[in-house]
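As a plain string of letters, each chain reads:
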Amino acid sequence: MYFNKSTIVFLDGEYINASSVKTGLYSQTLNYGNGVFEGIRSYNTTDGVRIFKAKEHFDRLHASAEKMHIKLDLTSEELEHAAYKVLEKNNLADAYIRPIIYLGENMSLTPTDVVHVAIVAWKWGNFLGDDLLNVMLSSYQRPNPKSCHIEAKVTGHYTNSILATTEAKSKGYHEALLTDMNGFIAEGSGANFFFEKDGKFVTAPLGNIFAGITRETVFELAKELNFKVEERFFKPEEIYSADAAFFCGTATEISGIRKFNEYEFPLSWEDSNSQLIQRAYQRRVASNEYTNLYI
Ligand code: PMP
């Protein structure tokens, strides 16, 4: 599904066949979950294939690596260039791009010298955006920022997300919404969360959540559309009086939510400001106005 016989990936400076790549059994990433990665989208824009907010994503990859004591030698510009090459070599336009920095042999709990840089990509269809999600309050909390760097995109952190999404799906929901260690709403398993009340938006502040690039884009769009956004802590109970809500993330884009547990949001998606944000986001990614290009 992700690759076939002819798929080309970037690995340590070379463009090679995906099926020829081997990773080691003694890798620190495989054994202990210490690796960093990104989730990026490219779009077929009016000006050709463009990676959305490439610089922001590759800069965040650098920040994640630094937090985890991983030496990443390629610059953001070099990584962006390699990502465009991977798209070109695989003839991809609307795609999902996954750079991953994974580590070589090291069975001890110390920084690892051998650092591998890979970029893979696969086709990611056009967004439809009309399916609303049913979301449950997860029994899992997001990792405590005192036990990890929650703002870094670390492979091992995603065991928490897998548990939360699996629980939600097993109970018939599409997705999970998780609290932080203090019981405030934090975010989804792979997306940030906003709710709408009286035309305004509320979202969790930075600190106990992953600092989403889409979340930042929502702030930009809300400002342009003259919608207020409050960043503050709130308990799950407050969502039961909200008018509408959505998840946002690179993969999810802006996904409207129909229900939170048993509560159905009363405002129809079509009449919500949330939907205006969703449409503005679609317009933003389809233009190359805010993307960087180093090729
Ligand atoms: N929260 C979590 C836990 C995530 O994994 C993601 C996806 N990377 C997000 C939020 C959204 O981040 P972004 O908008 O940068 O994709």
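Residues numbered from 1 in each chain as written. Predicted model: local features only at pLDDT ≥ 70, side-chain atom pairs only at ≥ 80, totals over all residues. Heavy atoms only, no water.

## Observations regarding the overall build of the protein chain
Turning to step 1, where the next piece is worked out: Along the backbone of the protein chain there are seven helices and 16 strands.
Turning to step 2, where the next piece is worked out: Computed over its C-alpha atoms, the radius of gyration of the protein chain comes to 19 Å, within 12% of the 19 Å expected for a compact globule of 295 residues.
Turning to step 3, where the next piece is worked out: Along the longest, intermediate and shortest principal axes, the C-alpha atoms of the protein chain span 50 × 45 × 30 Å.
Turning to step 4, where the next piece is worked out: Restricting the contact set of the protein chain to residue pairs at least 6 apart, pairs at least 24 apart contribute 70%.
Turning to step 5, where the next piece is worked out: For the protein chain, the computed accessible surface area is about 14200 Å², with 52% contributed by carbon and sulfur atoms. (Helix = DSSP H or I, 4+ residues; strand = E, 2+ residues; numbered from the N terminus. Rg over C-alpha atoms; globule rule 2.2 N^0.38 Å. Contact = heavy atoms within 4.5 Å. Areas by Shrake-Rupley, 256 points an atom, 1.4 Å probe, with all protein chains shown as cover.)

## Some thoughts on the nonpolar core
Turning to step 1, where the next piece is worked out: Among the nonpolar cores identified, the biggest contains 26 residues, and Ile51, Leu87, Ile97 and Ile119 are the most heavily contacted of them.
Turning to step 2, where the next piece is worked out: Taken together, the elements giving at least two residues each to this core come down to α2 (54-67), α3 (76-89), β6 (95-103) and β7 (115-123).
Turning to step 3, where the next piece is worked out: The contacts of isoleucine 97, once residues within four sequence positions are left out, are Glu38, Gly39, Ile40, Ser42, Ile51, Ala83, Leu87, Ile119, Val120 and Ala121.
Turning to step 4, where the next piece is worked out: Among the nonpolar cores identified, the runner-up in size contains 18 residues, and Phe227, Cys248, Ile254 and Ile277 belong to it. (Core = buried A, V, L, I, M, F, W, Y, C linked by side-chain atoms within 4.5 Å. Buried < 20%, exposed > 50% of the residue type's maximum accessible area, 1.4 Å probe, protein only.)

## Let's talk about helix α4 (residues 158-170)
Turning to step 1, where the next piece is worked out: When the terminal C-alpha atoms of α4 are compared, their 18 Å separation across 13 residues agrees well with the 18 Å that a helix rising 1.5 Å per residue should span.
Turning to step 2, where the next piece is worked out: Buried within α4 are the following residues: Asn160, Ser161, Ala164, Thr165, Glu167 and Ala168. Looking straight down α4, one finds its buried side chains confined to an arc of 160°; they lie on one side. Of the residues in α4, the exposed ones pointing more than 90 degrees away from the buried face are Thr159, Ile162, Lys169 and Ser170.
Turning to step 3, where the next piece is worked out: In the segment just after α4, glycine 172 is the residue with positive phi, at about 90°. (Expected span 1.5 Å × (residues − 1). Arc of directions from axis to C-beta.)

## Notes on the site of the ligand
Turning to step 1, where the next piece is worked out: Near the ligand you find 16 residues, and of these Lys153, Tyr158, Glu187, Thr214 and Thr250 are the closest.
Turning to step 2, where the next piece is worked out: At a separation of 2.6 Å, an oxygen atom of the ligand approaches a polar side-chain atom of threonine 250.
Turning to step 3, where the next piece is worked out: In the complex, the protein chains occlude 96% of the 390 Å² of accessible area that the ligand would expose alone.
Turning to step 4, where the next piece is worked out: Secondary structure elements with two or more residues in the shell around the ligand: α5 (213-224) and β14 (244-249).
Turning to step 5, where the next piece is worked out: Class assignment of the residues belonging to the shell around the ligand gives a composition of five nonpolar, seven polar and four charged. (Near = heavy atom within 4 Å. Polar contact = N/O pair within 3.5 Å; in protein donor to acceptor, adjacent residues only side chain to side chain. Nonpolar A, V, L, I, M, F, W, Y, C, P; charged D, E, K, R; others polar.)

## Regarding α3
Turning to step 1, where the next piece is worked out: Under the 1.5 Å per step criterion, the end-to-end length of α3 is 20 Å for 14 residues, consistent within 8% with the ideal 20 Å.
Turning to step 2, where the next piece is worked out: Every buried residue of α3 is listed here: Ser76, Leu79, Glu80, Ala82, Ala83, Tyr84, Val86 and Leu87.
Turning to step 3, where the next piece is worked out: Once α3 finishes, asparagine 91 follows within two positions and takes phi at roughly 60°, a positive value.

## Considerations on the environment of lysine 55
Turning to step 1, where the next piece is worked out: On the secondary structure map, lysine 55 appears in helix α2.
Turning to step 2, where the next piece is worked out: Between the alpha carbons of lysine 55 and phenylalanine 219 there is a distance of 18 Å; along the sequence they are 164 residues apart.

## A short note on the pattern of salt bridges
Turning to step 1, where the next piece is worked out: Following the criterion strictly, the structure yields 15 salt bridges and no others.
Turning to step 2, where the next piece is worked out: In this structure, glutamate 231 engages arginine 215 in a salt bridge whose closest nitrogen and oxygen atoms are separated by 2.6 Å. Separated by 16 residues along the polypeptide, glutamate 231 in strand β13 (residues 229-231) and arginine 215 in helix α5 bring together distant segments of the chain.
Turning to step 3, where the next piece is worked out: If you follow the salt bridges from partner to partner, you end up with Lys53, Glu220, Glu224 and Arg284 in one network. (Salt bridge = Lys/Arg side-chain N within 4 Å of Asp/Glu carboxyl O.)

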